[in-house]
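An overview of the molecular structure
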Amino acid sequence: QLVESGGGLVQPGGSLRLSCAASGRTFSGYTMGWFRQAPGKEREFVAAITWSGGSTDYADSVKGRFTISRDNAKNTVYLQMNSLKPEDTAVYYCAASFLAGTRQRVDEYRYWGQGTQVTVSS
């Protein structure tokens with residue numbers, strides 16, 4: 001129901017834009033989030049946005065570099081990633097939560113995509 005795209009290989013300092021398209025149901029009433037998981041590490045919060053787009057939240061490690069946005073008419077959420085660093089390398093997942101407000105915990109999200117690989121390397 002959630003399908004991520006836009007991942008790939010990028011050099012340090014480069015940019016990528018991830019998309020997460022919902023199908024089968026509307027997620028306009030849901031908080032949407034992006035998480036990432038590097039090899040051997042736990043899945044971690046990256047960014048979240050409320051259903052109206054009025055509130056956003058970011059992990060400290062990506063503040064000022066990543067921007068989350070959504071287009072409810074297209075049932076799509078985006079993650080613009082700038083000034084990428086090698087430590088941003090991970091599989092990125094989008095997720096949907098029916099809880100109000102921005103959410104940072106994995107267990108607060110009910111629906112998950114399959115993930116898209118982002119590799120930052122020269």
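Our subject is the structure listed above.
Residues numbered from 1 in each chain as written. Predicted model: local features only at pLDDT ≥ 70, side-chain atom pairs only at ≥ 80, totals over all residues. Heavy atoms only, no water.

Notes on the overall build of the protein
A count of helical and extended segments in the protein gives zero helices and 11 strands. Projected onto its principal axes, the C-alpha positions of the protein cover 40 × 25 × 25 Å. Out of the 122 residues in the protein, the part that is buried amounts to 43%. The contacts in the protein between residues at least 6 apart in sequence include a share of 58% that link residues at least 24 apart. For the protein, the exposed surface amounts to about 6200 Å²; the carbon and sulfur share of it is 46%. With 13 positive and 10 negative side-chain charges, the protein shows a spacing of 5 Å between the two charge centroids. (Helix = DSSP H or I, 4+ residues; strand = E, 2+ residues; numbered from the N terminus. Buried < 20%, exposed > 50% of the residue type's maximum accessible area, 1.4 Å probe, protein only. Contact = heavy atoms within 4.5 Å. Areas by Shrake-Rupley, 256 points an atom, 1.4 Å probe, with all protein chains shown as cover. Lys, Arg positive; Asp, Glu negative; His and termini not counted. Charge placed at Lys NZ, Arg CZ, Asp CG, Glu CD.)

Side note on unusual backbone geometry
Of note, the phi angle at Asn 75 is positive, near 55°, even though the residue is not glycine. Structurally, Asn 75 is set in the loop between β7 (66-71) and β8 (76-81).

What about the environment of Val 106?
Structurally, Val 106 can be placed in the loop between β9 (90-97) and β10 (111-112). Owing to a relative accessible area of 34%, Val 106 belongs among the partly exposed residues under this scheme. Separated by 62 residues in the primary sequence, Val 106 and Glu 44 place their C-alpha atoms 7.6 Å from one another. Not counting residues up to four positions away in its chain, the partners in contact with Val 106 are Phe 35, Arg 43 and Trp 112.

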